[in-house]
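Chain by chain, the residues:
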Amino acid sequence: MKRIIYLFAALVAISTTAFANTNTTAEAEASINNYVKGYGNSFIFNEEGIEFSVFADGQFDFYLPNYGPDVSVGINTPGFSLSFNTGYDYNPYVQYDSYGAIIQIENTPIYYDYYGRVNQIGNILINYNGFGRISRVGGLNVYYRNNIYYGYDGFINTYNRSYIYRPWHRFYAAPHANFSIVHANPYRQYYTVTRHIYYRPYTNNVRHYNIERRSNGYVTRRSNSVRNNNYTQTPRNNSERTIRTQVQRRNTTIASTRATRSTNNTTRSRSNTRTTSPRTRNTTTTRTNTRVVTPSRTQTQRSTNTTSNRNVTRNNTSVSNKTRTTKKSTTNTSRTSNQSSTRSTTRRSRG
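None of these values were measured; they are calculated from a predicted model.

Caption draft 1: Highlighting the overall build of the protein chain. Within the protein chain, the secondary structure is distributed over seven helices and 13 strands. For the protein chain, the residues scored as buried account for 32% of the 351 residues in total. Summarising the internal contacts of the protein chain: among those between residues at least 6 apart in sequence, 60% fall at separations of at least 24. Taken as a whole, the protein chain presents about 23200 Å² of accessible surface, with 51% of it coming from carbon and sulfur.

Caption draft 2: Region of interest: the sheet that holds strand 9 (residues 134-137). If you trace the eight strands from one edge of the open sheet to the other, you get 4-5-6-7-8-9-10-11, paired in antiparallel fashion. Each having just a single partner strand, strand 4 (94-96) and strand 11 (148-154) make up the two edges of the open sheet. The average angle at which neighbouring strand axes cross in this sheet is 20°, direction not considered. In this sheet, strand 10 (residues 140-145) lies alongside strand 9 in antiparallel orientation, the contact comprising two bridges. By the bridge assignment, arginine 136 is partnered in strand 10 with asparagine 141.

Caption draft 3: Expanded view of the packing of aromatic side chains. Inspection of the entire model under this criterion finds 15 aromatic pairs. Between tyrosine 99 and tyrosine 191, the ring centres sit 5.0 Å apart and the planes meet at 80°, which makes this aromatic pair edge-to-face. Placement of the pair is tyrosine 99 in the loop between strand 4 and strand 5 (102-105) and tyrosine 191 in the loop between strand 11 and strand 12 (212-213), with a sequence separation of 92 residues. Pairing tyrosine 144 with tyrosine 149 gives two aromatic rings, centres 6.3 Å apart and planes at 75°, and the pair type is edge-to-face. Judged by its relative accessible area of 24%, tyrosine 149 is partly exposed. An aromatic cluster is defined as three or more aromatic residues linked by ring pairs; in this entry it consists of Phe45, Phe52, Phe60, Phe62, Phe84, Tyr88 and Tyr90. Note that arginine 117 overlies the ring of tyrosine 128, its terminal NZ or CZ placed 4.4 Å from the centroid. Positioned above the aromatic ring of phenylalanine 155 is the side chain of arginine 161, whose terminal nitrogen or guanidinium carbon lies 4.5 Å from the ring centre.

Caption draft 4: The sheet that holds strand 2 (residues 50-55), seen in detail. A sheet is described by the order of its strands in space; here three strands give the open sequence 1-2-3, paired in antiparallel fashion. What marks the edges here is a single partner per strand, and that holds for strand 1 (42-47) and strand 3 (60-63). Strand-to-strand twist in this sheet, taken as the mean axis angle between neighbours without regard to direction, amounts to 20°. With four bridges joining them, strand 2 and strand 3 adopt antiparallel strand pairing. Of the residues in strand 3, the one forming a bridge with glutamate 51 is tyrosine 63.

Caption draft 5: Examining empty space enclosed by the protein more closely. Under the counting rule described, the total for this entry stands at one cavity of 30 Å³ or more. Approximately 140 Å³ is the volume found for the largest cavity. Phe60, Pro175, Phe179, Ile181 and Arg207 are the residues nearest the centre of the largest cavity, which is lined by 15 residues in total.

Caption draft 6: View of the layout of surface pockets. Considering only enclosed or pocket space, the largest pocket measures out at about 750 Å³ in volume. Along the wall of the largest pocket there are 24 residues; nearest its centre are Tyr112, Asp113, Tyr114, Asn119 and Arg258. Of all the secondary structure elements, the ones that give two or more residues to the lining of the largest pocket are strand 6 (108-112), strand 8 (124-128) and helix 4 (238-275). Of the residues contributing to the lining of the largest pocket, the split by class is 11 nonpolar, seven polar and six charged.

Caption draft 7: Just the pattern of salt bridges, in detail. Scanning all chains against the criterion turns up four salt bridges. Between glutamate 48 and arginine 250 there is a salt bridge whose closest N-O contact spans 3.0 Å. Linking glutamate 48 in the loop between strand 1 and strand 2 with arginine 250 in helix 4, this pair joins segments that are 202 residues apart in sequence. Classification of arginine 250 by relative accessible area gives partly exposed; the value is 23%. Salt-bridge contacts for arginine 117 lead to aspartate 113; the nearest nitrogen and oxygen are separated by 2.7 Å.

Caption draft 8: Main features of the environment of tyrosine 128. If you trace the backbone, tyrosine 128 turns up in strand 8. On a C-alpha basis, the gap between tyrosine 128 and glycine 58 in space is 8.4 Å, while along the polypeptide they are 70 residues apart. Sequence-distant contacts of tyrosine 128, that is, excluding residues within four places in its chain, are made with Ala56, Asp57, Gly58, Asp113, Arg117, Val118, Arg133, Ile134 and Ser135. From its side chain, tyrosine 128 meets the backbone oxygen of valine 118 in a polar contact 2.5 Å long.

Caption draft 9: Broad picture of the nonpolar core. In this structure, Phe62 and Ile102 are the most contacted members of the largest nonpolar core, which totals 51 residues. Dropping the residues within four chain positions of it, phenylalanine 62 is found in contact with Ile50, Glu51, Phe52, Ser83, Phe84, Tyr90, Val94, Ile102, Ile105 and Tyr172.

Caption draft 10: The pairing of strand 2, seen in detail. Burial of strand 2 is extensive: six of the six residues sit out of reach of the surface. Every second residue of strand 2 is oriented toward a common face, with Ile50, Phe52 and Val54 on one face and Glu51, Ser53 and Phe55 on the other, all of them buried. One ladder, built from six bridges, connects strand 1 with strand 2; its direction is antiparallel. Paired with phenylalanine 45 across the bridge in strand 2 is phenylalanine 52. A loop of two residues connects strand 1 with strand 2, the two strands running antiparallel in sequence, and glutamate 48 in this loop sits at a positive phi of about 55°. What sits between the antiparallel neighbours strand 2 and strand 3 is a turn of four residues, in which glycine 58 has the positive phi angle 100°.

Thresholds, definitions, all that
Residues numbered from 1 in each chain as written. Predicted model: local features only at pLDDT ≥ 70, side-chain atom pairs only at ≥ 80, totals over all residues. Heavy atoms only, no water. Helix = DSSP H or I, 4+ residues; strand = E, 2+ residues; numbered from the N terminus. Buried < 20%, exposed > 50% of the residue type's maximum accessible area, 1.4 Å probe, protein only. Contact = heavy atoms within 4.5 Å. Areas by Shrake-Rupley, 256 points an atom, 1.4 Å probe, with all protein chains shown as cover. Pairing = 2+ DSSP bridges. Axes fitted to C-alpha atoms, helices over the stretch in contact; angles between N-to-C directions. Phe/Tyr/Trp six-rings, centres within 6.5 Å; stacked < 30°, edge-to-face > 60°. Lys NZ or Arg CZ within 6 Å of the ring centre and 35° of its normal. 1 Å grid on protein atoms, 1.4 Å probe; cavity = no way out; pocket = protein on both sides within 12 Å on 5 of 7 lines; lining within 4 Å. Points joined across faces, edges and corners; volume = space filled by probe spheres on them. Nonpolar A, V, L, I, M, F, W, Y, C, P; charged D, E, K, R; others polar. Salt bridge = Lys/Arg side-chain N within 4 Å of Asp/Glu carboxyl O. Polar contact = N/O pair within 3.5 Å; in protein donor to acceptor, adjacent residues only side chain to side chain. Core = buried A, V, L, I, M, F, W, Y, C linked by side-chain atoms within 4.5 Å.

Shown next as structure tokens:
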């Protein structure tokens, strides 16, 4: 009896161990597939000492390793706040615009498209497909199947060649619906922001409000002239003056890059429009017909009363003139011969 009990206990222990190993393996594979191979729900990269997590719909979250919480100490603490969207206070390092959007973190500029989707962070450009999903992050091409992410190729930049999983990456989150700045209408189409150079932490800087959504679907904003004064700082010493010089040079480079990008996009769109234009197709066809037409075909086309271009009409005119001349000469010849024969007959009858 004891042997049977020991045998049953051994079987239970083996099956429990196998089940635990299976779950651990499944979790590890899910972690690898979601992060290392596929970037998971967001695209995480470092830019100028800031770690960004950009979601597929154009929203993002970030973490400042130099000024944020110590992840080695508090990552397992309940209610731990790491990133901006999870509640950590980064207001001393962030500049907002009139819609409540983050336009600069320290001296790293952030740009948006007309719909409030982030399309550039520092020197990293972000593009979207026709469904509003990210299609390119820097040099990383993103692919979807049935509007669901399934793969990528390339890399974001030389400093972010592949994704490296970190335990705190699971804390990144999309902003709350009340703080989301992505909208279906192009509310930022005619809006221009003013970015200030960051020298030291801001004081009393709070994200007071987000964009206001009317019942008709359009977005409004409040005057931000008072709060903009909080971002105006002047250099106090040589180190801050050096910061000003560096930031001005970098902003000039970024502005030229954005101008080149917009010019290339415009040129591509125009070239695509010209290629598919119906006028281009008709012009090509007309030129081909003009070159192929020969004089013999011209006479045939004229006899069958077909429609042709101006060049063919001119050729027909010249041919018809020749024909009329020939007819006239033939008629004159026949008339002369008839008259001569008539005269000879009259003379014979008289004689």
